[in-house]
Amino acid sequence: MLRYVVHRTMMMVPTLVAISILVFVIIQLPPGDYLESHIAELQSQGESVDEQKIAFLRQHYGLDKPVWQQYLVWLWGMLHGDFGYSFEYNMPVNDVVGDRLFLTIFVSTVTVLFTWAVAFPIGIYSATHQYSWGDYGLTFIGFIGVATPNFLLALVMLYLANVYFGTSIGGLMDAEYIDQPWSLGKFMSVLEHLWIPVIVIGTSGTAGMIRRLRANLLDELQKQYVTTGRAKGLPEGRLLRKYPLRMALNFFISDIGSLLPTVISGAEMVAVVMSLPTTGPMLLSALQSQDMYLAGSFLMFLACLTVIGVLISDLALAVLDPRIRLQGGEST
Amino acid sequence: MRNIAIGIVLAAGLAPSVAPAAVDSPFLASRVQSGELQPVDERLPDNPSVAELRPDSEPGRHGGDLRMLMGKTKDIRLLTVYGYARLVGYNTRFELVPDILESYEVREGREFTLTLRPGHKWSDGQPLTSEDFRYYWDDVANDEDLAPFGPPRVLMVEEKPPIVEFPDERTIRYTWHKPNPNFLSALAGAGPLFIYRPAHYLKQFHERYADPEELKQRVRKAGSRNWAGLHNRLDNQYTLDNPDLPILQPWHPVTPPPSDRFIFERNPYFHRVDQNGLQLPYIDRVIVNIADKDLVPAKTGAGDTDLQARYLRFDNYTFLKESEKRNDYTVRLWKRGTGNQVAMYPNLNVNDPVWRELVRDVRFRRALSLAIDRTEINQIIYFGLAEESNNTVRPESPVFKPELQVKWASFDPKRANDLLDQMGLTNRNSQGIRVLPDGRSMEIIVDTAGESTEETDVLELIRESWADVGIKLFTKPSQREIFRNRVFAGDSLMSVWSGLDNGIPTADMAPTELAPTSQVHLQWPKWGQYYETNGEVGEPPDLPEAIELLRLMEAWNSSAESDERARIWGEMLAIHADQVYTIGTVSGVLQPVEVSNRLRNVPVEGIYNWDPGAFFGIYRPDTFWLAEGE
């Protein structure tokens, strides 16, 4: 087991280096650099640009150096916990992200909990009552959730919430609470705004989870040990919880791998549409304005979390299900 | 009390030197009481600027928060634009008047003497003196580390810097060897040239003044590479991203970025008062909430802002109008000040030799322009509310001539056909498309930056009317940088963008947009590049009219008289309209401006323009006030 863990951890290093190169190259692929996008944006709003200042910034940011040098500087900084400088915000990347991270984790956690709370009962019900009206009805609703474009749903709900409940559009709290210390009022305001993104982001995830739980559970329900248990007189509820449901949860554990990065990045599209103070919109605008260190550090962070998440889910699976073997470490 | 106030105003009107007693905002009362701030008459300059109210506005009261929306953190710089406190600034008639300055004097168009108001203070209470101007000139603009590329170009005349003198605490004198007609308009710009710095604050970050050990630590703490980087980051009076930096604008920032909500508080030392002696601005705080720019129209409709024009487009008008009553605001329609909303730029530097020959023939450009049905575009896309026009200056400009607006801009397909036939382009293929001399069919690909559907909608209408004269139009959307690089390199035959940036110039503003002086002019990028780089890169202009434009531009640069400048403007505009270097469609497109019903003194009809205009700036938002309510 230890050997497996060490081996997997060692493997993460070249993976991350490869990802960092990829990230950097892709960010650099579009023509121009941050300053050029910046100039173009100013000019499209009719503003003029001080060329001397731009020339100074280009030199100062090191944008006049070759790409590989820029990459090495960035990599070297990252190893020392310095993620570089955000051009857009004119301050170190570390300071920019700030409490957005906290709010993102908060929104995502609530969303995940919401998804589970809805998907689990429905999935179990659908599996145990296969091909019943209830199964069809709930599945139908689930599919609507998958099929409706998230951003559209978000806009419609924002509008309705504003017209009928007077909730302010966009954001996670009423404007007067932004940058204020936490208080009951602020918390209530967050709750008032939170349900829309949670439902919108949740609906798509819910349907997927219902289907997977239903399929896995159906597989198990056919098995002989279930029949045996039933023959021995176990009550239906206890039988279900004790045996087939536990077996059907493997997919759920392996989902943790992809869960970690989602918790941090949030659902970008919805967050952008709803102007949530989370990290998603920040990443998107950093990519658009070619604010390369901010975007790059973000993507690297997500990559790290994915790699770690996959490791955790692999280990958890191995612990929970003895049938899964640790083959990575063995020299086969 | 009211009578007394009026009496004082009258007295002030008779004898301008006697100002009414200054009145402070209750917002600052507690800080004055605690002794943190001096009383208002000691904070104001000895002779504050008395705001001149427009006829449609009235003196107001102190108090209230003004909410606005911006699309991203960087947009808070617009508070410098809206605040519009400048050394000299434009009034609503676009005349230059001293603002921060008490007065200024110009001799021979080359010697500028600027006089400060006695007792004027920065937003932190330190006096504003000629030392702040000296610091800028000696220690910033001419410092090798801070400005490795020398002083800003507008301060150079024929590559020579001015002589800058500081005869006393309140006087600054710039002298060039030849006239510098750009100097004052640069100071008055929406994004102005700041020729002053808060020296007392910045010296602690300047190598020449700061304690080396302390400075080193500051640089390290800020994560900057060297002191110059730190100094440049902290001293930007335009971007408002440093709450510690003293400024002279009506509101100063108190929220350090990054944030989604920026608060600006009234500058206790602001130099303007109203006719009743109330220190401006009337409004105590401006609150800028950051929301995604696509969400701004929706949030505006929900009443989340008190004054909003940015990120609102004409096609949001009906939506905004619908919730007017529910959320207690009014949508006004201002006119945009650009020369044209959607203009086409035939690239005179296109690489394709056959096409280059054609687009350089003025008959061809005239034919293209005559074959556009501008009335149709106006009716279909702008509900008939825009003005059909060439890409020229707007009627609000003093150098406007009505005939230029319509020259070669009527819809006359027959004449367009005749012109094209005269050029010998008589052969057509089976689809009725004309054939180029080398046998290709006449297909014009118009590059767009792919940002607005408005451009493609207009092009779609043009496509139909051009087909009638035997020209096929294709639209090629790309991404902004690619778009520009294609035009610069001559790969693009024709591009579409908005018209003249400044559609309401006075004769004293530089006519740079009319002459090949910059690469970003999409009709002659290589000529512009040639001018910008002093002939190192690009191509020299080779059409006589373009050379004439450059000559006129130079003549304008060295002219000292307004009359002469007006004459030059007239000539350049005439050449432009006659040569059809750019093909305009409509101008004066309406800009929705949302105004809360509590907010007073915002003009019902206005011009929404970057420079001159500074968007709301020339209407002096410091004189806007909020009526009681809520």
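About the thresholds
Residues numbered from 1 in each chain as written. Chains lettered and ligands numbered in written order. Predicted model: local features only at pLDDT ≥ 70, side-chain atom pairs only at ≥ 80, totals over all residues. Helix = DSSP H or I, 4+ residues; strand = E, 2+ residues; numbered from the N terminus. Buried ≥ 20, exposed ≤ 12 C-beta atoms within 10 Å, placed from the backbone. Contact = placed C-beta atoms within 7 Å. Rg over C-alpha atoms; globule rule 2.2 N^0.38 Å. Nonpolar A, V, L, I, M, F, W, Y, C, P; charged D, E, K, R; others polar. Domains from an automatic or database assignment. Arc of directions from axis to C-beta. Pairing = 2+ DSSP bridges. Axes fitted to C-alpha atoms, helices over the stretch in contact; angles between N-to-C directions. pLDDT = per-residue confidence, 0-100. Parallel < 35°, antiparallel > 145°, perpendicular 65-115°, else oblique. Left-handed = near helix turned anticlockwise from the far one by under 90°.

Engineer: Before we move on, could you go through the overall build of chain A and cite the residues and values that matter?
Structural biologist: Secondary structure summary: chain A contains 16 helices and 2 strands in total. Projected onto the principal axes, the alpha-carbon positions of chain A cover approximately 85 × 65 × 35 Å. Here chain A holds 332 residues, and 31% of them are scored as buried. Long-range pairs, those at least 24 residues apart, make up 72% of the contacts in chain A with a sequence separation of at least 6.

Engineer: Now, about the overall build of chain B: what can you tell me, with residues and values included?
Structural biologist: If you tally the helices and strands in chain B, you get 21 helices and 24 strands. What you see for chain B is a C-alpha radius of gyration of 27 Å, in line with the 25 Å of a compact globule of 630 residues. Principal-axis analysis of the C-alpha atoms places the extent of chain B at approximately 90 × 60 × 55 Å. Taking the contacts inside chain B whose residues are at least 6 apart along the sequence as the reference set, 72% of them involve residues at least 24 apart.

Engineer: Describe the interface of chain A and chain B, naming the residues involved and giving the relevant values.
Structural biologist: How big an interface is tends to be stated in terms of accessible area lost as the parts join. Counting residues at the interface gives 37 residues for chain A, matched by 38 residues for chain B. Looking at the side of chain A that touches chain B, the elements with two or more residues in it are helix H2 (34-44), helix H3 (51-61), helix H8 (150-165) and helix H15 (279-288) of chain A. Among the elements that line the side of chain A that touches chain B, the one with the most residues is H3(A), at 6 residues. Across the side of chain A that touches chain B, the residue classes tally to 15 nonpolar, 16 polar and 6 charged.

Engineer: An account of the domain arrangement of chain B is needed here, citing residue identities and associated values.
Structural biologist: Residue and element names in this part refer to chain B. Once the domains are mapped, chain B shows domain 1 (2-53 + 74-273) and domain 2 (343-581). Each of domain 1 and domain 2 has a C-alpha centre, and these two points are 40 Å apart. At the interface, 8 residues of domain 1 touch 11 residues of domain 2.

Engineer: Would you mind going over helix H16 (residues 413-422) of chain B in detail, with residue names and values included?
Structural biologist: Since the α-helix turns once every 3.6 residues, residues separated by three or four places project in the same direction. All names here are of chain B. Among the residues of H16, those classed as buried are Ala416, Leu419 and Leu420. Considered in projection along H16, the buried side chains sweep an arc of 95° and stay on one side of the axis. Opposite the buried face of H16, by more than 90 degrees, sit the exposed residues Lys414 and Gln422. Those residues of H16 hidden inside the fold are in contact with helix H13 (362-370). Once H16 ends, the next one or two residues include glycine 424, with phi positive near 90°.

Engineer: If you had to explain the environment of A:Val25 to someone new, which residues and values would you point to?
Structural biologist: Residues and elements named next belong to chain A. Within the secondary structure, valine 25 is located in helix H1 (residues 2-28). Residue valine 25 is classed as exposed on the basis of its 11 C-beta neighbours within 10 Å. Linking valine 25 and tryptophan 68, residues 43 residues apart in sequence, is a C-alpha distance of 9.5 Å.

Engineer: Which residues make up the pairing of strand E14 (residues 329-336) of chain B, and what values do they have?
Structural biologist: Sheet topology note: the E14(B)/strand E21 (residues 590-596) of chain B ladder contains 7 bridges and is antiparallel. What sits directly across from B:Arg332, in E21(B), is B:Val593.

Engineer: For the sheet that holds strand E7 (residues 163-168) of chain B, give the residues involved together with the corresponding values.
Structural biologist: Residue and element names in this part refer to chain B. The antiparallel open sheet is built from 4 strands, whose spatial order is E5-E6-E8-E7. Both edges of this open sheet fall to strand E5 (101-107) and E7, since each of them pairs with a single strand only. Neighbour-to-neighbour, the strand axes of this sheet turn through a mean angle of 15°, independent of strand direction. Summarising the sheet, strand E6 (residues 111-116) and strand E8 (residues 171-175) pair through 5 bridges and their orientation is antiparallel. Within the sheet, the bridge partner assigned to glutamate 111 lies in E8 and is threonine 175. Lying over the sheet, helix H5 (residues 130-141) contacts E7 and E8, oriented at roughly 160° with respect to E7.

Engineer: Just give me the short version of the pairing of strand E10 (residues 261-266) of chain B, but keep the residues and values in it.
Structural biologist: All names here are of chain B. Relative to E10, strand E9 (residues 251-253) is paired through 3 bridges, and the arrangement is antiparallel. Its bridge partner being in E10, tryptophan 251 is matched across the sheet by arginine 266. In the sheet, E10 pairs with strand E12 (residues 285-290) via 5 bridges, with the strands oriented antiparallel. Looking across to E12, one finds that arginine 261 is bridged to asparagine 289.

Engineer: Which residues make up unusual backbone geometry, and what values go with them?
Structural biologist: Residue and element names in this part refer to chain B. Cis geometry marks the peptide bond from proline 257 to proline 258; its omega dihedral reads 0°. Positionally, proline 258 belongs in the loop between E9 and E10. Here the amide bond leading from aspartate 611 into proline 612 is cis, since omega sits at 0°, within 30 degrees of zero. Residue position: proline 612 is located in the loop between strand E23 (607-608) and strand E24 (625-626).

Engineer: So what's going on with the domain arrangement of chain A? Residues and values would help.
Structural biologist: Residue and element names in this part refer to chain A. You can read the domains of chain A as domain 1 (1-88 + 289-332) and domain 2 (100-287). When each unit is reduced to the centre of its C-alpha atoms, the spacing between domain 1 and domain 2 is 29 Å. Each partner contributes to the interface: domain 1 provides 18 residues, whereas domain 2 provides 15 residues.

Engineer: Break down H13(B) for me, citing the residues and quoting the values.
Structural biologist: Residues and elements named next belong to chain B. Within H13, 7 of the 9 residues are buried, which leaves the element mostly enclosed by the surrounding structure. Within H13, the full set of buried residues consists of Phe364, Arg365, Arg366, Ala367, Leu368, Ser369 and Leu370. Against strand E15 (343-346), helix H12 (353-359) and H16 lie the buried residues of H13.

Engineer: Give a description of the environment of B:Ala199 that names residues and reports values.
Structural biologist: Residue and element names in this part refer to chain B. Residue placement: alanine 199 occurs in helix H7 (residues 199-202). Remark: the alpha-carbon pair of alanine 199 and glutamine 126, spanning 73 residues in sequence, is separated by 9.9 Å. Not counting the four nearest positions on each side in its chain, alanine 199 is found in contact with Glu131, Asp132 and Tyr135.

Engineer: Tell me about the sheet that holds E12(B), and please be specific about residues and values.
Structural biologist: Residues and elements named next belong to chain B. Here 4 strands make up an open sheet; going across it, the order is E2-E12-E10-E9 and the pairing mixed. Since the sheet does not close on itself, it has two edges, and those belong to strand E2 (65-70) and E9, each with one partner. Here the average twist between neighbouring strands, direction ignored, is 25°.

Engineer: Describe the environment of B:Val254, with residues and values.
Structural biologist: Residues and elements named next belong to chain B. If you trace the backbone, valine 254 turns up in the loop between E9 and E10. A residue is classified by how many C-beta atoms lie within 10 Å of it, and valine 254, with 11 of them, is exposed. With residues near it in sequence (within four places) discarded, valine 254 still touches Pro243, Ile263, Phe264 and Glu265.

Engineer: Explain the confidence of the model for chain B to me, using residue names and the numbers behind them.
Structural biologist: Residue and element names in this part refer to chain B. Summarising the model, chain B shows a mean pLDDT of 89, and 97% of its residues fall at 70 or more. In the model, residues 1-17 has pLDDT below 50 throughout and makes 10 contacts with residues more than four positions away in sequence or in other chains. Across the assembled chains, the prediction reports ipTM 0.76 with pTM 0.83.

Engineer: Can you lay out the packing of H15(A) against helix H16 (residues 292-320) of chain A for me, pointing to particular residues and giving the numbers?
Structural biologist: Residues and elements named next belong to chain A. Interaxial distance between H15 and H16 falls to 8 Å at its minimum, and their mutual angle equals 135°. Relative to H16, the element H15 lies oblique. Once H15 is placed against H16, the crossing between them reads as left-handed. Counting all contacts with H15, which are made through Leu283, Ala286 and Leu287, the residues of H16 involved are Leu294, Ala295 and Phe298. Classifying every residue of the contact of H15 with H16 by side-chain character gives 6 nonpolar, no polar and no charged.

Engineer: Got a sec to walk through the confidence of the model for chain A? Specific residues and values, please.
Structural biologist: All names here are of chain A. Within chain A, residue pLDDT values average 80, and 92% of them lie at 70 or more. Ranking the elements of chain A by mean pLDDT puts helix H13 (residues 250-265) last with 73 and helix H10 (residues 224-231) first with 89. Here residues 328-332 is modelled with pLDDT under 50, and outside its nearest four sequence neighbours on either side it reaches 7 contacts, counting other chains as well.

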